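Chains, contacts and geometry: an overview
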Amino acid sequence: MSFGEIIIILIVAILVLGPDKLPEAIMQIAKILKALKKNIDDAKSSIEKEIRINELKEEAKKYKDEFSSSNENIRKKLSFEEFDDLKKDILEKTKVDLTFDSRENSSSNNLSGQNLTPNEKPNLTSLEEKTEK
């Protein structure tokens, strides 16, 4: 609204309402405009709060997803590390050469016990005695 339009509205209001009722009418209009502005500001602030809440939810979801994927990766790494540790323990305890090369016919590669000298064969007498009892 321009300044000229405001003056025209005031002149019409003075002519219609008269000088006695004009101050009351202006106060009523001011109260209505103030209440309207307050309602608009409240609606605006609640919309801004909702937008901020949605942004925070999205950010929290993003962090949750990152945390979950990191947690999964840690679990996978731990399980592989545990597997490697178990594998090392087993290999250290058994110390068995598991290469089966047909070109080499050494007694260390023969796991079945055939073609072993009597000194290399496992002692099974104690096991045979236990089974007989």
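Residues numbered from 1 in each chain as written. Predicted model: local features only at pLDDT ≥ 70, side-chain atom pairs only at ≥ 80, totals over all residues. Heavy atoms only, no water.

Let's shift gears to the overall build of the protein. When helices and strands are tallied, the protein shows 2 helices and 0 strands. In the protein, which comprises 133 residues, the share counted as buried stands at 3%. When the accessible surface of the protein is summed, it comes to about 12,900 Å², and 60% of that surface belongs to carbon and sulfur atoms. (Helix = DSSP H or I, 4+ residues; strand = E, 2+ residues; numbered from the N terminus. Buried < 20%, exposed > 50% of the residue type's maximum accessible area, 1.4 Å probe, protein only. Areas by Shrake-Rupley, 256 points an atom, 1.4 Å probe, with all protein chains shown as cover.)

This paragraph deals with the layout of surface pockets. If a probe the size of a water molecule is rolled over the atoms, the empty space left behind becomes visible. The space that makes up the largest pocket amounts to roughly 250 Å³. In terms of lining, the largest pocket is formed by M1, I6, I9, L10, A13, L17, L22, A25, I26, I29 and L33. When its residues are assigned to classes, the lining of the largest pocket shows 11 nonpolar, no polar and no charged. (1 Å grid on protein atoms, 1.4 Å probe; cavity = no way out; pocket = protein on both sides within 12 Å on 5 of 7 lines; lining within 4 Å. Points joined across faces, edges and corners; volume = space filled by probe spheres on them. Nonpolar A, V, L, I, M, F, W, Y, C, P; charged D, E, K, R; others polar.)

On the surface, a nonpolar cluster with roughly 830 Å² of combined accessible area is contributed by F3, I7, I8, I11, V12, L15, V16 and L17. Overall, L17 belongs to the partly exposed group, its relative accessible area being 38%. (Patch = residues over 30% accessible without salt bridge, like charges linked within 9 Å, V, L, I, M, F, W, Y side chains within 5 Å. Salt bridge = Lys/Arg side-chain N within 4 Å of Asp/Glu carboxyl O.)

Glancing now at the environment of A13. If you trace the backbone, A13 turns up in helix α1 (residues 3–94). In contact with A13, other than residues within four places in its own chain, are G18 and L22. (Contact = heavy atoms within 4.5 Å.)

Moving on, we come to the confidence of the model for the protein. Interpretation of this model should avoid reading the predicted coordinates in detail wherever pLDDT is low. In the predicted model, the protein carries a mean pLDDT of 76, and 67% of its residues have values of at least 70. Across residues 104–113, confidence stays below pLDDT 50; counting only partners more than four residues off in sequence or on other chains, it has 11 contacts. (pLDDT = per-residue confidence, 0-100.)

Here we come to a negative patch on the surface. On the surface, a cluster of negative charge is contributed by E81, E82, D84, D85, D89 and E92. For D84, the location among the structural elements is in helix α1. What makes D84 partly exposed here is its relative accessible area of 38%. (Lys, Arg positive; Asp, Glu negative; His and termini not counted. Charge placed at Lys NZ, Arg CZ, Asp CG, Glu CD.)

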